[in-house]
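Listed below, chain by chain, are the residues.
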Amino acid sequence: MVGKICGTGSYVPPRVLNNDDLSKIVDTNDEWIRERTGIGKRHVAEAETTSWMAGQAALRAVEQSGIDPAEIDMILVATSSSETVFPCAACEVQKMIGAAGAAGYDLNAACTGFVLAFNAAQAYISAGFCRTVMVIGADSMSNMIDWTDRSTCILFGDGAGAVILRAEEGTPVYMAAHSDGEKAPSLTGLSRHRRGWVEELEEGAEKKSFIHMDGQGVFKFAVRKVPEVIEEVLEEAGSSLEDIDYFILHQANRRIIEAVAKRLKTDVSKFPMNLEEYANTSAATVPILIDEMNRKGMLTEGQKIMLAGFGAGLTWAATLFEW
Ligand code: UT7
């Protein structure tokens, strides 16, 4: 058995901050942000919490799929920015959608989280442990951002995306995942609690950034490791790059996606992007893009789709499945 997508949904907050809005807060400008990242705007939560946005995306996926929420037996939420450490966001989603029979938990691998959650769901299904799994990526990076740090605040946005997987006979799903804890300092985000502790230690220090990032280091890592993990999955599947209809990559930077396409000698038109509108919503980028493509009618039965994520950890992963 494999998990086939039978419904998708997404939610982004209505409040929009475009690049000109940010140029009033920090020393930046629309031209720099567009040229270096491809980002034009980001949606930012006001009253919305991470788990509430996850629930909204899930409700939309349920509505589209037509399934009874009672059929869902597992809810996985990939997030690194839930408003509570516990209870987990998955339990809030369960309540919101009325999936009384579901187990659920959150998992955190930052921007790679959704791809890993998707892989976990596929493993549960192929092992016969679950039949219907809700997989969500949701993040409110605006809560972690230091809005005075121009090197990071321009990059992120908030949102959530969800897919429902249902067990069916079908072409196997192939996946690969990696971590490199040695590279952890390249990209770190501190929780509120930890932040206070660090500020105490750094008493008097000006530094207020809660996200620390070696931008160029992460850029190079992504451009090297994403093509590698895609090739790894293709080799395992006995498929080639030409067989793939779409490469749905984590939406961090247009230049990263273009460089990956170039390394793979594949036309960039096979790499859909929506970061101009939403920026980097961390674990939510991939499922928001899947939902947009699905609702536009771009995804049809039998297409081969490659997902790939990368981010803090450092972590990176890819999955090949048939729509
Ligand atoms: O989900 C994974 C999350 N992270 C990523 O994917 C990040 C990967 N890295 C990147 O996307 C890029 O490295 C950035 C977009 C973060 C930065 O682009 P870059 O081309 O690597 O620029 P840079 O850091 O080398 O900075 C170039 C210049 C610097 O000025 P000087 O030293 O050349 O005078 C920066 O101070 O641009 C300056 N700068 C800015 N200027 C205007 C940095 N941030 C800004 C800004 N506006 N927001």
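Only a predicted model underlies this, so the values are computations on that prediction, with no experimental measurement involved.

Peer 1: Hey, could you go over the packing of helix 8 (residues 215-237) against helix 9 (residues 254-263) for me, with residue numbers and the actual values?
Peer 2: At a minimum axis distance of 9 Å, the contact between helix 8 and helix 9 shows a crossing angle of 35°. Relative to helix 9, the crossing made by helix 8 is right-handed. Here helix 8 contributes Phe219, Ala222, Val223, Arg224, Val226 and Pro227 to the contact with helix 9, which in turn contributes Arg255, Ile256, Ala259, Val260 and Arg263. Partitioned by chemical class, the residues of the contact of helix 8 with helix 9 number eight nonpolar, no polar and three charged.

Peer 1: Outline the packing of aromatic side chains, supporting the account with residue identities and numerical values.
Peer 2: How two aromatic rings sit relative to each other is set out by the distance from centre to centre and by the angle between their planes. Using the criterion set out here, one finds seven aromatic pairs in the structure. Aromatic pair Phe221 and Trp316: ring centres 5.4 Å apart, planes at 80°, arrangement edge-to-face. Of the two residues, Phe221 sits in helix 8 while Trp316 sits in strand 13 (residues 315-322), which places them 95 residues apart along the sequence. The two residues Phe221 and Trp316 agree in class, both being buried.

Peer 1: So what's going on with the pattern of salt bridges? Residues and values would help.
Peer 2: Using the criterion set out here, one finds 12 salt bridges in the structure. One salt bridge in this structure joins Glu276 and Arg34, with 2.8 Å as the shortest N-O distance. Of the two residues, Glu276 sits in helix 10 (residues 275-278) while Arg34 sits in helix 2 (residues 30-37), which places them 242 residues apart along the sequence. Owing to a relative accessible area of 34%, Arg34 belongs among the partly exposed residues under this scheme. The residue Lys304 makes a salt bridge to Glu322 at a minimum N-O spacing of 3.5 Å. Linking Lys304 in strand 12 (residues 304-311) with Glu322 in strand 13, this pair joins segments that are 18 residues apart in sequence. You can call Lys304 partly exposed: its relative accessible area is 22%.

Peer 1: Residues and numbers for the packing of helix 3 (residues 50-65) against helix 4 (residues 89-97), please.
Peer 2: To characterise two packed helices, one gives the angle between the axes of the helices and the distance between these axes. The contact between helix 3 and helix 4 brings their axes to 9 Å, and the two run at 45°. Taken together, the axes of helix 3 and helix 4 lie oblique to each other. At the point where helix 3 passes helix 4, the crossing takes the right-handed sense. Contacts from Ser51, Trp52, Ala54, Gly55, Gln56, Ala58, Leu59 and Val62 of helix 3 reach helix 4 at Ala89, Glu92, Val93, Met96 and Ile97. Of the residues belonging to the contact of helix 3 with helix 4, the class tally is nine nonpolar, three polar and one charged.

Cut-offs and rules
- Residues numbered from 1 in each chain as written.
- Predicted model: local features only at pLDDT ≥ 70, side-chain atom pairs only at ≥ 80, totals over all residues.
- Heavy atoms only, no water.
- Axes fitted to C-alpha atoms, helices over the stretch in contact; angles between N-to-C directions.
- Helix = DSSP H or I, 4+ residues; strand = E, 2+ residues; numbered from the N terminus.
- Left-handed = near helix turned anticlockwise from the far one by under 90°.
- Contact = heavy atoms within 4.5 Å.
- Nonpolar A, V, L, I, M, F, W, Y, C, P; charged D, E, K, R; others polar.
- Phe/Tyr/Trp six-rings, centres within 6.5 Å; stacked < 30°, edge-to-face > 60°.
- Buried < 20%, exposed > 50% of the residue type's maximum accessible area, 1.4 Å probe, protein only.
- Salt bridge = Lys/Arg side-chain N within 4 Å of Asp/Glu carboxyl O.
- Parallel < 35°, antiparallel > 145°, perpendicular 65-115°, else oblique.

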